[in-house]
Amino acid sequence: MPAPAPAPSPDGAPAEVEALHDLVLRSLDDDQAVDVVSIPLSGKSSIADHMVIASGRSTRQVASMAQKLTERIKGELGRSVRIEGLPVADWVLIDADDVIVHLFRPEVRSFYNLERMWAFEEQAAAAGTATATA
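To start, this report covers the structure provided alongside it.

What counts and what doesn't
Residues numbered from 1 in each chain as written. Predicted model: local features only at pLDDT ≥ 70, side-chain atom pairs only at ≥ 80, totals over all residues. Heavy atoms only, no water. Helix = DSSP H or I, 4+ residues; strand = E, 2+ residues; numbered from the N terminus. Buried < 20%, exposed > 50% of the residue type's maximum accessible area, 1.4 Å probe, protein only. Contact = heavy atoms within 4.5 Å. Areas by Shrake-Rupley, 256 points an atom, 1.4 Å probe, with all protein chains shown as cover. Core = buried A, V, L, I, M, F, W, Y, C linked by side-chain atoms within 4.5 Å. Pairing = 2+ DSSP bridges. Axes fitted to C-alpha atoms, helices over the stretch in contact; angles between N-to-C directions. Parallel < 35°, antiparallel > 145°, perpendicular 65-115°, else oblique. Left-handed = near helix turned anticlockwise from the far one by under 90°. Nonpolar A, V, L, I, M, F, W, Y, C, P; charged D, E, K, R; others polar. Polar contact = N/O pair within 3.5 Å; in protein donor to acceptor, adjacent residues only side chain to side chain.

## Brief notes about the overall build of the protein
Move 1: A count of helical and extended segments in the protein gives five helices and five strands.
Move 2: Across the 134 residues of the protein, 36% fall into the buried class.
Move 3: Long-range pairs, those at least 24 residues apart, make up 51% of the contacts in the protein between residues at least 6 apart in sequence.
Move 4: For the protein, the accessible area works out to roughly 7,900 Å², and carbon and sulfur atoms hold 57% of it.

Below you can see the structure in the form of structure tokens.
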């Protein structure tokens, strides 16, 4: 008999996705990541359910956060992840399937400004609200 599917969370994501997302946020908090932003992607994109963006103060911290996060995901959840950019550690991408993590040095993060790219719907909603009240 197949294992039952995990119960969905209130926002519709399976419990295992939420456990992964929580682990990512906890790990980044433990490693003193700066300006952590979590962007829900459910309904916006099929690449993942969440995108997490954070900064480290140096390439050494970015690399350390990335390595520890991948070890924690494998150790606690038994998931393998794909990682890109670790040797240089200006921008490290961690693909854990349901959660995509971008770790940046601050200068590189401000240059690419991923938050703005993925916040287009929120900006459009805010503009519509401002127009409606005017």
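## Concerning the nonpolar core
Move 1: Residues Val-24, Leu-28, Ile-73, Val-92, Ile-94, Val-101 and Leu-103 are the most contacted members of the largest nonpolar core, which totals 20 residues.
Move 2: The set of elements that each furnish at least two residues to this core consists of helix 1 (15–30), strand 2 (50–55), helix 2 (59–77), strand 4 (91–95) and strand 5 (99–104).
Move 3: By residue number, the principal contributor to this core is helix 2, which donates six residues.
Move 4: If we skip the residues at most four places from it in the chain, Leu-103 touches Leu-28, Ala-54, Val-62, Met-65, Ala-66, Asp-90, Trp-91, Val-92 and Ile-94.
Move 5: In terms of nonpolar packing, the next biggest core, distinct from the first, is built from 10 residues, Ile-39, Leu-41, Ile-53 and Phe-104 among them.

## Remarks on the sheet that holds strand 1 (residues 34–40)
Move 1: Within the open sheet, the five strands sit side by side as 1-2-5-4-3. Their pairing is mixed. Each edge of the open sheet carries a strand with a single partner, namely strand 1 and strand 3 (82–84). Averaged over all pairs of adjacent strands, the angle between strand axes in this sheet comes to 15°, irrespective of strand direction.
Move 2: The sheet contact formed by strand 4 and strand 5 spans five bridges and is antiparallel.

## Overview of the environment of Val-52
Move 1: Residue placement: Val-52 occurs in strand 2.
Move 2: Looking at Val-52, the relative accessible area reads 0%, which means it is buried.
Move 3: Expressed as a C-alpha distance, the spacing of Val-52 and His-102, which sit 50 residues apart in the sequence, is 6.2 Å.
Move 4: Among residues more than four places away in sequence, those in contact with Val-52 are His-21, Val-24, Leu-25, Leu-28, Val-36, Val-37, Ser-38, Val-99, Ile-100, Val-101 and His-102.

## Description of the packing of helix 1 against helix 2
Move 1: With their axes 10 Å apart at the nearest point, helix 1 and helix 2 run at an angle of 140° to one another. If you check the angle between helix 1 and helix 2, you find them oblique. Of the two elements, helix 1 crosses helix 2, and the hand of that crossing is right-handed. Contacts between helix 1 and helix 2 pair Ala-19, Leu-20, Leu-23, Val-24, Arg-26, Ser-27, Leu-28 and Asp-30 from the former with Met-65, Leu-69, Arg-72, Ile-73, Glu-76 and Leu-77 from the latter.
Move 2: Grouping the amino acids of the contact of helix 1 with helix 2 by side-chain chemistry returns nine nonpolar, one polar and four charged.

## Description of the environment of Trp-91
Move 1: Residue placement: Trp-91 occurs in strand 4.
Move 2: In this structure the C-alpha to C-alpha distance between Trp-91 and Ala-54, which are 37 residues apart in sequence, comes to 10.0 Å.
Move 3: When neighbours within four sequence positions are excluded, Trp-91 is seen to be in contact with Glu-84, Gly-85, His-102, Leu-103, Phe-104, Val-108, Tyr-112 and Leu-114.
Move 4: A polar side-chain atom of Trp-91 sits 3.0 Å from a polar atom in the side chain of His-102.

Honestly, it's all geometry; don't read function into it.
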